[in-house]
Amino acid sequence: MDPIELRLLPDTALIEPAGELSIGGCLVSSLAAQFGTPLFIYDEQHIRNRCREAGESFGAGNVVYATKAFLCTEMAKLVHEEGLMLDVATGGELFVALSAGVPANRCVLHGNNKSSDELHYAIREGVHHIVVDSFDELERLEHVAGFLGAQVSVQIRVTPGVHAHTHEFVSTGQDDSKFGFNMGNGDAMRAVETLRRSSRLNLIGLHFHIGSNVLDIEHLGKAIDVMVSFFAPLGLSDLTVGGGLGVAYVASEHAPTMEQWGTVVRRATASLPKDVVVRVEPGRAIVASSAITVYTVGTQKDIPGVRSYVAVDGGMSDNPRPMMYGSGYEAFMPTLPSALRPRNVRVVGKHCESGDIVIEEAQVPAELEVGSLLATPVTGAYGYSMASNYNMVTKPAVVFVKDGQARVVRRRETYEDLLTLNPN
Ligand code: LLP
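A few points on the structure. Sequence positions are assigned chain by chain, starting from 1 and proceeding in written order. Local features are withheld for residues below a pLDDT of 70 in this predicted model, meaning they are given only at 70 or higher, and side-chain atom pairs are given and counted only at 80 or more; totals for whole chains, interfaces and linings count all residues. No hydrogens and no water enter the side-chain calculation; it runs on all heavy atoms of the structure.

Considerations on the overall build of the protein
The condition is simple: Helix numbers and strand numbers start at the N terminus; a helix is a DSSP run of H or I with at least 4 residues, a strand a run of E with at least 2. Only C-alpha atoms enter the radius of gyration, while the globule expectation follows 2.2 Å times N to the 0.38, with N the number of residues. Only protein chains enter the accessibility calculation, which uses a 1.4 Å probe; a residue is then buried when its area is under 20% of its type maximum, exposed when over 50%, and partly exposed in between. In what follows, a contact means two residues having at least one pair of non-hydrogen atoms within 4.5 Å. Only the protein chains shown count as covering a residue, and every accessible area follows the Shrake-Rupley method with a 1.4 Å probe. Charge counting follows a simple rule: Lys and Arg are positive, Asp and Glu are negative, and His as well as the terminal groups are ignored. For the purpose of locating charges, the reference atoms are NZ of Lys, CZ of Arg, CG of Asp and CD of Glu.
A count of helices and strands for the protein gives 11 helices and 20 strands. For the protein, whose C-alpha radius of gyration is 23 Å, the value lies close to the compact-globule estimate of 22 Å for 424 residues. In terms of overall dimensions, the protein has a C-alpha envelope of 70 × 55 × 40 Å along the principal axes. When burial is assessed residue by residue, the protein has 54% of its 424 residues classed as buried. Within the protein, contacts between residues at least 6 apart in sequence are counted, and of these 69% link residues at least 24 apart. Taken as a whole, the protein presents about 17,700 Å² of accessible surface, with 51% of it coming from carbon and sulfur. A gap of 3 Å separates the mean positions of the 35 positive and 49 negative side-chain charges of the protein.

Re unusual backbone geometry
Along the chain, Thr-37 connects to Pro-38 via a cis peptide bond; the corresponding omega equals -5 degrees. Following the sequence through the fold, Pro-38 ends up in the loop between α1 (28-35) and β4 (39-43). Of note in the backbone geometry, Tyr-382 takes a positive phi value of approximately 55 degrees without being a glycine. On the secondary structure map, Tyr-382 appears in the loop between β18 (373-377) and β19 (397-402). Notably, Met-392 is not glycine yet its phi reads approximately 55 degrees, a positive angle. Turning to its location among the elements, Met-392 is positioned in the loop between β18 and β19.

Some details on the pairing of strand β20 (residues 405-410)
Every other side chain in a regular strand lies on the same face of the sheet, so the side chains alternate between the two faces. Quick note on the threshold: Paired strands, in this sense, are two strands between which DSSP finds at least two bridges.
Pairing between β19 and β20: 5 bridges, direction antiparallel. In the strand pairing of β20, Val-401 is matched with Ala-406. Counting the residues in the hairpin turn of β19 and β20 gives 2 residues, including Asp-403, whose phi is positive at 50 degrees.

A short note on the nonpolar core
Quick note on the threshold: Take the buried residues of types Ala, Val, Leu, Ile, Met, Phe, Trp, Tyr and Cys, join any two whose side-chain atoms come within 4.5 Å, and each joined set is a nonpolar core. All domain edges in this entry derive from an automatic or database-based domain assignment.
The biggest cluster of nonpolar side chains holds 131 residues, and the ones touching the most others in it are Ile-41, Phe-70, Ile-130, Leu-206 and Val-287. Looking at this core element by element, the count peaks at 9 residues for helix α8 (residues 217-231). In terms of domain composition, this core takes at least three residues from each of domain 1 (6-43 + 288-419) and domain 2 (44-285). If we ignore the near neighbours within four places in the chain, the residues touching Ile-41 are Ile-23, Val-28, Leu-31, Ser-290, Ala-291, Ile-292, Val-294, Val-399 and Val-401.

Regarding the sheet that holds strand β3 (residues 26-27)
If you trace the 3 strands from one edge of the open sheet to the other, you get β1-β2-β3, paired in antiparallel fashion. Both edges of this open sheet fall to β1 (14-15) and β3, since each of them pairs with a single strand only.

Some remarks on the pattern of salt bridges
Where charged atoms from two side chains of opposite charge come close, those side chains can pair. Here is the rule we go by: One speaks of a salt bridge when a side-chain nitrogen belonging to Lys or Arg is within 4 Å of a carboxyl oxygen belonging to Asp or Glu.
On inspection of all chains with the given rule, the structure shows 19 salt bridges. Measuring nitrogen to oxygen at the nearest pair gives 2.9 Å for the salt bridge that ties Glu-81 to Arg-48. One end of the pair, Glu-81, is in helix α3 (residues 73-81); the other, Arg-48, is in helix α2 (residues 44-58), and 33 residues separate them in sequence. Residue class for Glu-81 comes out exposed when judged on its relative accessible area of 56%.

Considering the environment of Met-75
Mapped onto the secondary structure, Met-75 falls in helix α3. The spatial distance from the C-alpha of Met-75 to the C-alpha of Ala-97 is 8.9 Å, given a sequence separation of 22 residues. The contacts of Met-75, once residues within four sequence positions are left out, are Ile-47, Tyr-65, Phe-70, Val-287 and Phe-400.

Things to note about the site of the ligand
Rules: For this purpose, a residue is taken to be near a molecule or strand whenever a single non-hydrogen atom of the residue falls within 4 Å of it. We call two N or O atoms a polar contact when they sit within 3.5 Å, provided that within protein one can donate a hydrogen and the other can accept it, with sequence-adjacent residues counted only if both atoms are side-chain atoms. Asp, Glu, Lys and Arg are counted as charged, while Ala, Val, Leu, Ile, Met, Phe, Trp, Tyr, Cys and Pro are counted as nonpolar; the rest, among them Gly, fall into the polar class.
With respect to spatial proximity, 19 residues lie near the ligand, and among them Ser-212, Glu-281, Arg-321, Tyr-325 and Tyr-382 are the closest. In this structure, Glu-281 approaches the ligand through a side-chain N or O atom, which is 2.7 Å from a nitrogen atom. Tyr-325 places a polar side-chain atom, nitrogen or oxygen, 2.8 Å from a nitrogen atom of the ligand. Taking 580 Å² as the accessible area of the ligand by itself, protein coverage stands at 87%. Residues that form the shell around the ligand fall into these classes: 5 nonpolar, 8 polar and 6 charged. In terms of domain composition, the shell around the ligand takes at least three residues from each of domain 1 (6-43 + 288-419) and domain 2 (44-285).

Structure (structure tokens):
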């Protein structure tokens, strides 16, 4: 029933005297008119604020932005400008980061199944280090490094057997993961020993990532304790504790701040020697709340006694998270951001699937009608980056706004773009 809470919106979101919402000094309705819908609007200042907070909490050089959350060349430039490193999980992510002018030695390569080509590319370009995920990859990496005559810095990705959402942190029973070397069955230690015998691969440290969108950072802290007890006796210099700091998507959720996360990580790693570099890899916490998606309502349908549907001009192709994870979102009218939201509706997309749901149970203003703009906040992470062309729906435009200026960082796809991969 309540109006949308401003805390779910980007930092510079403002209700203008005339009652409409602006972000970065730009009226959302004007942006929609200029660039069309669906439209991703990113608040550049918000992203910079989160990067700076992360830098203040961990040291900017120790923060590695997880590019999978959202990446384009302008985003890569921005986080690089803010002093962060970039976590790339594929050759494609590395390519985009390098194309943005980010030096390779500010990039870290991840991935549970890196190809020889990807390893070759990363080593040739000179990434800072590679996070090794399996014995097969170790062999492959040794081979590629030998072929190139290169010395390569590596971290080992360790699966600690703890899960961010469980309470049983000392248990090493839950090792069922495709990622990393299991700590519990001795694989992680065997990988350490293998690397110590290598003349090409230089083991600098360990990497852990125990989960994503964690709202209880005490859980993260306890999981880090488990990692630290494995890491400490090895005498290594570099420990990455992963990403995972959650964000509030809906009014009932509250997320810890970057600073609170920093306090927990510092406390959990306090026993390590002072010269150990402790890195974090936030993705979502940097970028999720920096953006909103603006849609136009195309149809409404009331089924008395059943429910009301509101269909927008996007859906699962620009935000697959509700379908994939059952994730919740809020909806509001950017032209009436202070409006009460008494109507309960299901917001759906335009795809040929009943499961194409944007919000299962949304509260929207009574004023919502066909042609209205409807926005979902907190869509900056894992939205555009997981977008698809299902039903040959073209990907939305993405704009960065700041100080009253909007710039397109990803143009809207056209029908012609749908043919660009055709041969000849
Ligand atoms: N580091 C590693 C090694 C990761 O695998 C991930 C995320 C991160 C850092 C960043 O995690 P974050 O701080 O964003 O939680 N598509 C899912 C999230 C997948 C996360 C995969 N790995 C979603 O939309 O919720």
